[in-house]
Amino acid sequence: MADRGTPVLASSRQARLLGRLKARAYANTQDLSAYLGVSDATVRRDLVDLEARGLIRRTHGGAMPLGQITSDLPNNERMGRNTAEKTRIGKAAADLVVAGDAVFLDAGTTTLQLAGHLAYRDGLTFVTNGTDIAACLLSAGVERLFVTGGEYHDVSHGLTGALAAEAIRRFNVDKLFLSVSAVDLRRGQIAISHPALAEAQRAMIEIAHEVIVVADHSKFTRNALTVIAPLEAVDRIVTDAACRDCLGDIPDTLRRKFIFA
């Protein structure tokens, strides 16, 4: 296998390495070594360089890319991404709900999957800021549904902003299922792409006895513009099994919050 090589070759190799990570969301050292045709030691040095530049996060035995999210894809495009994972996450999250619960469903494509699993269960009260979630629940004939006001945000099909936050604070719910753009394990925070969305989500956290983030593995490979809250404010994180490779050496107190679908 090739050695580290000249700075020019190293730069080209690191660009290929970063492209591989972005395409796969996660790769281990052996995969990257075989892909690049270099030694494991060279890959590890490259990963140290890329992490120092803020482009990746190293994990135990591999790495994942870090991308800054300043705006999310439109709702219809996100609906078609990681659909199988979101379906499994929705089902696993639904298992956390018991009869008599008041449930807040944040606007989002994964929470929409969750709404489909909960819609035909008896004895639940729903609160949501998601217009397509409200439509899903109404079509199933749920008995108790409250929809917040606020400014309509087309990207998430959600009601947001100061008016939404004010309305949300009038409720008190057992469980909140929260959508996020990014889960940053290194800095210990959850984040969203737009400040107006974060304002409403902070209000949701305030009125919930239990805060549950639902997020597929892709949310763990990037950062987002607006911090919602620290991970200490989150009680559970429901994600798909592919996220296991993203965790790295996180504290046991945080690891115990994860549920893998």
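Residues numbered from 1 in each chain as written. Predicted model: local features only at pLDDT ≥ 70, side-chain atom pairs only at ≥ 80, totals over all residues. Heavy atoms only, no water.

Asks: Give me the pattern of salt bridges: which residues, what numbers.
Replies: Overall, the coordinates contain 8 salt bridges when judged by the stated rule. Taking the shortest distance from any N to any O, the salt bridge between Asp-31 and Arg-20 comes out at 3.1 Å. In this pair, Asp-31 sits in helix 2 (residues 29–36) while Arg-20 sits in helix 1 (residues 7–24), placing the two residues 11 residues apart along the sequence. Judged by relative accessible area, Arg-20 falls into the buried class, the value being 18%. Among the salt bridges present, the one from Glu-206 reaches Arg-169, with a minimum N-O distance of 2.8 Å. With Glu-206 in helix 9 (residues 195–206) and Arg-169 in the loop between helix 8 (161–168) and strand 10 (173–178), the pair connects residues that are 37 residues apart, well separated along the chain. Given a relative accessible area of 52%, Glu-206 falls into the exposed group. (Salt bridge = Lys/Arg side-chain N within 4 Å of Asp/Glu carboxyl O. Helix = DSSP H or I, 4+ residues; strand = E, 2+ residues; numbered from the N terminus. Buried < 20%, exposed > 50% of the residue type's maximum accessible area, 1.4 Å probe, protein only.)

Asks: Give a detailed account of the confidence of the model for the chain, specifying residues and quantitative values.
Replies: Mean pLDDT over the chain works out to 88, with 90% of the residues at or above the 70 mark. Low pLDDT (under 50) marks residues 1–5, which in the prediction has 18 contacts with non-local residues, meaning those over four places away or in another chain. (pLDDT = per-residue confidence, 0-100. Contact = heavy atoms within 4.5 Å.)

Asks: Could you give an account of the packing of helix 5 (residues 83–94) against helix 6 (residues 109–118), with specific residues and numbers?
Replies: One can describe the packing of helix 5 onto helix 6 by two numbers: an axis separation of 8 Å at closest approach and a directional angle of 50 degrees. When the axis of helix 5 is compared with that of helix 6, the two are oblique. Helix 6 is crossed by helix 5, and the crossing has right-handed handedness. Of helix 6, the residues touching helix 5 (which contributes Thr-83, Lys-86, Thr-87, Ile-89, Gly-90, Lys-91, Ala-93 and Ala-94) are Thr-109, Thr-110, Gln-113, Leu-114, His-117 and Leu-118. Considering only residue class, the contact of helix 5 with helix 6 consists of 5 nonpolar, 7 polar and 2 charged. (Axes fitted to C-alpha atoms, helices over the stretch in contact; angles between N-to-C directions. Parallel < 35°, antiparallel > 145°, perpendicular 65-115°, else oblique. Left-handed = near helix turned anticlockwise from the far one by under 90°. Nonpolar A, V, L, I, M, F, W, Y, C, P; charged D, E, K, R; others polar.)

Asks: Can you lay out the environment of Ala-242 for me, pointing to particular residues and giving the numbers?
Replies: Take Ala-242: it is sitting in the loop between strand 16 (236–239) and helix 10 (252–255). For Ala-242, a relative accessible area of 39% corresponds to the partly exposed category.

Asks: Go over the nonpolar core, please, and point to the residues and values.
Replies: Core analysis: the biggest nonpolar cluster contains 38 residues, and Val-183, Leu-185, Ile-190, Val-213, Phe-220 and Phe-258 have the highest contact counts within it. Elements represented by at least two residues in this core include exactly strand 5 (102–105), helix 8, strand 10, strand 12 (189–192), helix 9, strand 13 (208–214) and strand 15 (226–230). Among the elements that make up this core, the one with the highest residue count is helix 9 (6 residues). Setting aside residues no more than four positions away along its own chain, Phe-258 makes contact with Leu-185, Phe-220, Ile-237, Thr-239, Cys-243, Leu-247 and Ile-250. Counting residues in hydrophobic clusters, the runner-up holds 24 residues, among them Ile-89, Ala-115, Phe-126 and Ile-259. (Core = buried A, V, L, I, M, F, W, Y, C linked by side-chain atoms within 4.5 Å.)

Asks: Before we move on, can you summarise the sheet that holds strand 7 (residues 144–147) with the specific residues and values?
Replies: On the basis of which strands lie adjacent, the open sheet formed by 7 strands has the order 7-6-5-10-13-16-17 and parallel pairing. Here the strands that pair on one side only, and so sit at the sheet edges, are strand 7 and strand 17 (258–260). With strand direction ignored, the average angle separating the axes of adjacent strands in the sheet is 20 degrees. Strands strand 10, strand 13 and strand 16 of the sheet are contacted by helix 5, whose axis makes an angle of about 145 degrees with strand 16. (Pairing = 2+ DSSP bridges.)

Asks: Describe the packing of aromatic side chains, and please don't skip the residues or the numbers.
Replies: Going through the model one piece at a time under the given rule, you end up with 3 aromatic pairs. When the centroid spacing of 5.9 Å and the interplanar angle of 45 degrees are considered together, the rings of Phe-220 and Phe-258 count as tilted. Note that Phe-220 is positioned in the loop between strand 13 and strand 14 (222–224) and Phe-258 in strand 17, a separation of 38 residues in sequence. Each member of the pair, Phe-220 as well as Phe-258, carries the same accessibility label: buried. A network of ring pairs unites the aromatic residues Phe-220, Phe-258 and Phe-260 as a single cluster. Note that Arg-20 overlies the ring of Tyr-35, its terminal NZ or CZ placed 4.2 Å from the centroid. (Phe/Tyr/Trp six-rings, centres within 6.5 Å; stacked < 30°, edge-to-face > 60°. Lys NZ or Arg CZ within 6 Å of the ring centre and 35° of its normal.)

Asks: Now, about the environment of Glu-85: what can you tell me, with residues and values included?
Replies: With respect to the helices and strands, Glu-85 occurs in helix 5. Overall, the relative accessible area of 18% leaves Glu-85 in the buried class. Note: C-alpha distance between Glu-85 and Thr-128 (43 residues apart in sequence) is 22 Å. Once residues within four sequence positions are removed from consideration, Glu-85 is found in contact with Asp-216, His-217 and Asp-240.

Asks: So what's going on with the pairing of strand 3 (residues 62–65)? Which residues, and what values?
Replies: Side chains Gly-62 and Met-64 project from strand 3 onto one buried face, and the interleaved Ala-63 and Pro-65 project onto a second face that is buried too. By the bridge criterion, 2 bridges tie strand 1 (residues 27–28) to strand 3 in an arrangement that is antiparallel. When the sheet's bridge partners are listed, Asn-28 is paired in strand 3 with Gly-62. Bridge count between strand 2 (residues 56–59) and strand 3: 4 bridges; the pairing is antiparallel. Residue pairing for strand 3: Arg-58 is matched across the bridge by Ala-63. Hairpin connection of strand 2 to strand 3: 2 residues between the antiparallel strands, including Gly-61 at a positive phi of 90 degrees.

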